[in-house]
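# Architecture at a glance
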Amino acid sequence: LADATNVIALHICDLKQRKVWSPQTPADKIRFGAIQRHVRTQQIAGKGFTPHFKIGCLVTAGYDAGSFAFEKESLFEHIAAMKALYLGYYKVEDLRFRFLCRPGFYPDAPDLAREIKGYVSHQDPEVRIDIIDAPPQENSYYKGIQYKVDIRINGLTYEIGDGGFVDWTQQLLQNKKERMLSTGIGFDFMYRILNGLL
């Protein structure tokens, strides 16, 4: 695959259209996870990198439940999963998150980022989040918030994951109330870090 989260989005929309998953309330969510080999057709440069690699994916989908409830709860869940994986399992020295504010269907991304950061900090004061109001590069992929997962291991810092809110289910189902959060994390990249292959 080129991107497993695209396929999961199609699967979610199919489940909803066939009434296999029928949310009973706006707060209902559906969650998927996958570890999938991805392929890139462009030339890959850099020691230890290949055009095929494994990525872990998390996807949460649901509806706009008001007061950014979907955004707060789903992003906190993804962050909690990153914390369990990198601090709990891999025992990295440090874990941080960066919120990059992106244009999209949220009227004020910086305020949204601050509100979600406040919610996450209330749930888990140990989570460290930096908000970047003006990202250096434009990105039409994510809407409202894109977030980065940074780890420090053996004294070096690596960007190991990337995620954010997307409008794919909105477009596929023609419903502005649809919400979706996707996260991708580099399992092959972590293997190369741990085995000195970079």
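Description of the structure in this document. It should be emphasised that the depicted structure is a prediction, and the values quoted were computed from it without experimental measurement. (Residues numbered from 1 in each chain as written. Predicted model: local features only at pLDDT ≥ 70, side-chain atom pairs only at ≥ 80, totals over all residues. Heavy atoms only, no water.)

### Comments concerning the overall build of the protein
So the rule is basically this: Helix and strand definitions follow DSSP, with helices as H or I runs of at least four residues and strands as E runs of at least two, each counted in order from the N terminus. The quantity called the radius of gyration is restricted to C-alpha atoms. Its globule counterpart is 2.2 Å times the number of residues to the power 0.38. Any residue under 20% of the maximum accessible area for its type is buried, any over 50% is exposed, and the rest in between are partly exposed; the area is computed with a 1.4 Å probe on protein chains only. Residues count as neighbours in contact if any of their non-hydrogen atoms are within 4.5 Å of one another. Residue exposure ignores everything except the shown protein chains as possible cover, and the areas themselves are Shrake-Rupley values with a 1.4 Å probe. Positive charges come from Lys and Arg, negative ones from Asp and Glu, while His and the chain ends are left out of the count. Each charge is placed at NZ for Lys, CZ for Arg, CG for Asp and CD for Glu.
A count of helices and strands for the protein gives five helices and seven strands. Helices (α) and strands (β) of the protein occur, in sequence order from the N terminus, as α-β-β-α-β-α-β-β-β-α-β-α. By the compact-globule yardstick of 16 Å for 198 residues, the protein fits well, its C-alpha radius of gyration being 17 Å. Once the C-alpha set of the protein is aligned to its principal axes, its extents read approximately 50 × 35 × 30 Å. Burial status across the protein gives 44% buried among its 198 residues. Of the contacts formed within the protein by residues at least 6 apart in sequence, a portion of 69% connects residues at least 24 apart. Surface exposure of the protein reaches about 10,200 Å², of which carbon and sulfur atoms provide 53%. Side-chain charges in the protein split into 25 positive and 23 negative, and the spacing between the mean points of these groups amounts to 4 Å.

### Observations concerning the environment of E77
Position of E77 relative to the elements: it lies in helix α2 (residues 69–89). Owing to a relative accessible area of 29%, E77 belongs among the partly exposed residues under this scheme. Each C-alpha atom of the pair E77 and V120 lies 9.3 Å from the other, and the pair is 43 residues apart in sequence. In contact with E77, other than residues within four places in its own chain, are R31 and T60.

### Thoughts on the sheet that holds strand β1 (residues 30–39)
Operational definition: A pair of strands is labelled paired if DSSP reports no fewer than 2 bridges between them. For every element, the axis is a line fit to its C-alpha atoms; helices are fit only across the contacting stretch, and the angle between N-to-C directions ranges from 0 to 180 degrees.
Taken in spatial order, the seven strands line up as β1-β2-β7-β6-β5-β3-β4 in an open sheet, and their pairing is mixed. Unpaired on one side and paired on the other, β1 and β4 (129–132) mark the two borders of the sheet. Ignoring strand direction, the axes of neighbouring strands in this sheet form an average angle of 20 degrees. Bridge analysis of β1 against strand β2 (residues 52–63) gives ten bridges, and the strand direction is antiparallel. Residue pairing for β2: H38 is matched across the bridge by F53. Against the sheet, α2 makes contact with β1, β2, β3 (94–102), β4, β5 (144–153), β6 (156–166) and β7 (178–186), and its axis sits at roughly 15 degrees relative to β7, the strand it touches most. The strands that helix α5 (residues 187–194) touches are β1, β2, β5, β6 and β7; relative to β2, the one it contacts most, it runs at about 135 degrees.

### Comments concerning the pairing of β5
Counting buried positions along β5 gives nine out of ten residues, so the element sits mostly inside the fold. Direction of pairing for β3 relative to β5: antiparallel, over a ladder of nine bridges. Residue pairing for β5: D94 is matched across the bridge by R152. Examined bridge by bridge, β5 and β6 share eight bridges and lie antiparallel to one another.

So, to be careful, I would describe these as geometric facts and stop short of saying anything about function.
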